[in-house]
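Chain by chain, the residues run as shown.
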Amino acid sequence: MSYMRLRQGAWITHLGQRCMFERRQDHLTEWRSTNGTFEHFVFTDTEIQRGINAGNMQFYDGFGRPPREVRNVSKVHGARGPTVDDREEARRKLCYVLRAHELGCLNSDAGPHLWLKAIDDVFSAHGPQWKRLRGARKGEPTQKPSFKSLRRWAAEAGPKPKMEKLISAHRHKGNYNDRIRVEVREIIDELVKSRWMARPPITIETLRDLVNGRIGELNTGLPPGATAFRLAGLTAIQSSIDAMPRNDVMRARHGDMAAFLKFGSAEAQADPTAPLDRVELDSTPADLFVICSRTGLPLGRPTIVICVDRCTRMVLGWFVTFEKPSVLALMQCLRNSILTKDYIAEMNEEHGWNIRHECVTFGIPASLVIDRALENVADHVMKLAQRVGINQIHLMGGRKPWLKGCVESTIGTMSERLLHPSKGTTFHNTLVRLGYDPEKDAVCTVDDLDWGLHKYFIDIYPREQRRSINNRRAVDLWNELTRKYPVDSISSIDDVSHLFGRTDTAVPGRHGINANSMQYFSRELLEVQRTSRFKRALEKQGGRIEYHIDPADIARIYVELPHEERTIVVPVAPKWREYATGLSLFAHRKIRAYTNETARTANDADQLLACKLELLDIMRGQALRRNGGIAARQTLARFEGVARTARSGDDAGTSVPGSPAHTYASRTIGRVRTPSNDDEGSPSRPTPHETAAAAPPPPLPRPDQSDATVPHSPAAPARAKKGYRP
């Protein structure tokens, strides 16, 4: 820390009063006011320099010529200089005065018509652009000044007009000496710092009562005949509050986040130089009501998860689901983003999607930007990044959308261009919706919405010119930069397919692995456990083995062998196989909770299977009745497995084999596929054809686009007979 040179006789001006130097104690300097109050101040050398640089202090070291003191300085507000509005008002006055000089209005023989002509000339040239600078009508168009006002301005400007002569002196109005007595002001300042700037916040009326209570105590201790102190009003208290930095007041009363949102900066994030250097991911409820393809009843608003490359503005992946924001939804979107989208050719051929262009995006992100939602801060995301090859994960603060503004902007554009023109849209603003009922007009199914997103993000959005990338098309920029900076790809689908889920540890034994209150067993795992290499590696890991499980299908787990870089598939034991086939982790937890409520054994496989069927019937009854709510239907869709997985690679399925949604889809297209079992009796992996949609979806109303056209809707299936229930 630097020290200033101070001598006896040095002084500073602070809040309009002169303070003489008394002494120095290390880095602290002590000063005493000379205005009769003898108030004591303590400043560091750095604080004095900051005050001098800000214009709030003047310093004299005791030698030489002292600085010129500023007169008429308010003790509360400090020196009052002309504001920006004061200078703008003076500049406008100068325009009228100069025009009056040009027309010779100041000559003795000049008539009023010359003054009025000067006013008309200036107002016609600048009047439409000028707005009011003061008062309740601030921002409204200005009016012509009067003949009398212009003559007064010309007299103030003199023969050589200057803007400084026309600056208004309104700022000098008011009291420059504090009318509140020093003792009362000290009480107010003390209570403002101790009670006003504290949490929970109190009202200014409560603060006034506290101040007046202290003043009453002060009056009781006065000697006889002394003048009592007047009680403080709201204006006196507010003046002390206004003298404090507003940012500090907001932070003390409402917290750091409230102060940041009110006064913090929203700095734009720099764009990276290469594709996939910064990938932003976020989820949002769709501004659209969807209906069930079987019953035609509205299911509510699904969740859309979107992943965007900030460098090129290309949408890398998306996922439509009824799953709440969770690890499952996050992982499925990353799966759709990292892998290629080869399934589009199958959907075009068999389901009439008519996607005209190839989706060119794929690859492993170098860094992933997400917010601090619960599913994002889970260890499962960090472990996925380590195994797949994502170098960095940036956790952005909550309620700061500008930190990942690219994906936020993409979501807003998608809602306005794709969802809002559709029937059944909800509008995120209820004032815009007014009397519109989205439930009655909803006609879009989940498959329709998924098809519309594919059409928009492949054929339309990347082929529109974007201002954020210098009016270039995102697909052109992607193709150009990926040639210069090639993206990283996965080595094998078998190495990463099981990573898009949850990661946990367990203690293996001769019974297999216990997870989710079930047993997972395979002969291969039992044979591996008998080897000495496995035992030594397991001992180094604390006796626990790591495994991966897909929350969309808990019928199998993927075990990481500690002694070699290999993963084996371990199916659920035959006892739970019929129950766990096609079951999600969400449904499993629902069934166990229902089993406990009905006083049955939650670990018994037969009881779980019976409760699964009972709970499914109960949920269907609640969802299909006339007064059934949206929440019940949405929970049923989530339980049955509607839109549970994302399409990716060559897998075009969105449901898990064995789930009710997959069974209905297979029955609708005229073939029911029974999953084959391996040697251990485990269900086979889903194939792309097993989860194809029943009927090709009709197109959503689309915005205009330059290089893509949305095809006509494929033919809809014949309407079922009245009374038919699938």
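Here is what the cut-offs are and how they apply
Residues numbered from 1 in each chain as written. Predicted model: local features only at pLDDT ≥ 70, side-chain atom pairs only at ≥ 80, totals over all residues. Heavy atoms only, no water. Pairing = 2+ DSSP bridges. Helix = DSSP H or I, 4+ residues; strand = E, 2+ residues; numbered from the N terminus. Core = buried A, V, L, I, M, F, W, Y, C linked by side-chain atoms within 4.5 Å. Buried < 20%, exposed > 50% of the residue type's maximum accessible area, 1.4 Å probe, protein only. Contact = heavy atoms within 4.5 Å. Arc of directions from axis to C-beta. Axes fitted to C-alpha atoms, helices over the stretch in contact; angles between N-to-C directions. Left-handed = near helix turned anticlockwise from the far one by under 90°. Phe/Tyr/Trp six-rings, centres within 6.5 Å; stacked < 30°, edge-to-face > 60°. Lys NZ or Arg CZ within 6 Å of the ring centre and 35° of its normal. Salt bridge = Lys/Arg side-chain N within 4 Å of Asp/Glu carboxyl O.

Asks: Which residues make up the pairing of strand S2 (residues 17–25), and what are the values?
Replies: Relative to S2, strand S1 (residues 11–14) runs antiparallel, the two being bridged by four bridges. The partner of isoleucine 12 across the bridge, within S2, is cysteine 19. Turn length for the S1-S2 hairpin, with the two strands adjacent in sequence and antiparallel, is two residues, and the turn residue leucine 15 shows positive phi of about 55°. Pairing analysis gives six bridges linking S2 to strand S3 (residues 28–33), with the strands arranged antiparallel. What sits directly across from phenylalanine 21, in S3, is tryptophan 31.

Asks: Could you give me a rundown of the nonpolar core, with the residues and numbers involved?
Replies: One finds Met518, Tyr520, Ile557, Val559, Trp576, Tyr579 and Ile591 to be the most contacted residues of the largest nonpolar core, which totals 38 residues. When residues of this core are assigned to their parent elements, the largest contribution, eight residues, is made by helix H23 (residues 605–624). Non-local contacts of tyrosine 579, meaning those with residues more than four positions away in its chain, are made with Met518, His588, Ile591, Leu608, Leu609 and Lys612. Core analysis: the next-biggest nonpolar cluster, separate from the first, contains 37 residues, Val308, Trp318, Cys406 and Leu419 among them.

Asks: I'd like a description of helix H17 (residues 474–484), backed by residues and values.
Replies: Burial in H17 covers these residues: Ala474, Val475, Leu477, Trp478, Leu481 and Thr482. An end-on view of H17 places all buried positions within 155° of arc, on one side of the element. Turned more than 90 degrees off the buried face of H17, the exposed positions are Arg483 and Lys484. Those residues of H17 that are buried lie in contact with strand S9 (303–309), strand S10 (315–321) and strand S15 (472–473).

Asks: Let's hear about the packing of helix H5 (residues 182–196) against helix H7 (residues 234–242): which residues, and what values?
Replies: Here H5 crosses H7 at 65°, and the two axes come no closer than 10 Å. Relative to H7, H5 is oriented so that their crossing is right-handed. Of H7, the residues touching H5 (which contributes Arg185, Ile188, Asp189, Val192 and Trp196) are Ala236, Ile237, Ser239, Ser240 and Ile241.

Asks: Would you mind going over the packing of aromatic side chains in detail, with residue names and values included?
Replies: In total, this model carries eleven aromatic pairs according to the counting rule given. Ring geometry for phenylalanine 21 against tryptophan 31: centres 5.3 Å apart, planes inclined by 65°, an arrangement best described as edge-to-face. Of this pair, phenylalanine 21 sits in strand S2 while tryptophan 31 sits in strand S3, and the two are ten residues apart along the sequence. Residues phenylalanine 21 and tryptophan 31 agree in their burial class; the two are buried. Summarising the aromatic geometry, the rings of phenylalanine 41 and phenylalanine 43 are spaced 6.0 Å apart at their centres and angled 10° between planes, so their arrangement reads as stacked. The positively charged end of arginine 18 is found above the aromatic ring belonging to tryptophan 11, 3.9 Å away from the centroid. Taking the ring centre of phenylalanine 586 as reference, the NZ or CZ of arginine 638 above it sits at 3.8 Å.

Asks: Tell me about the pattern of salt bridges, residues and numbers included.
Replies: Applying the stated criterion to the full structure yields 37 salt bridges. Between lysine 404 and aspartate 282 there is a salt bridge whose closest N-O contact spans 3.0 Å. Linking lysine 404 in the loop between strand S12 (392–396) and helix H13 (405–419) with aspartate 282 in strand S6 (residues 279–285), this pair joins segments that are 122 residues apart in sequence. Arginine 472 serves as the salt-bridge partner of glutamate 480, at 2.6 Å between the closest nitrogen and oxygen.

Asks: Describe the sheet that holds strand S21 (residues 567–571), listing the residues and the values that go with them.
Replies: Two orientations exist for strands paired in a sheet by backbone hydrogen bonds: parallel and antiparallel. A sheet is described by the order of its strands in space; here four strands give the open sequence S16-S19-S20-S21, paired in antiparallel fashion. Edge positions in the sheet fall to strand S16 (502–506) and S21, since each has one partner strand and no second. This sheet shows a mean twist of 35° between the axes of neighbouring strands, independent of strand direction.

Asks: Describe unusual backbone geometry, with residues and values.
Replies: Here the bond from arginine 199 into proline 200 is cis, since omega is 0°, no more than 30 degrees from zero. One can find proline 200 in the loop between H5 and helix H6 (204–220). For asparagine 354, which is not a glycine, the phi torsion comes out positive at approximately 60°. Positionally, asparagine 354 belongs in the loop between helix H11 (343–351) and strand S11 (367–371). Exposure remark for asparagine 354: the relative accessible area of 37% places this residue in the partly exposed category. One non-glycine residue, alanine 643, adopts positive backbone phi at about 55°. Secondary-structure assignment places alanine 643 in the loop between helix H24 (630–640) and helix H25 (660–668).

The analysis is restricted to geometry; functional conclusions fall outside its scope.
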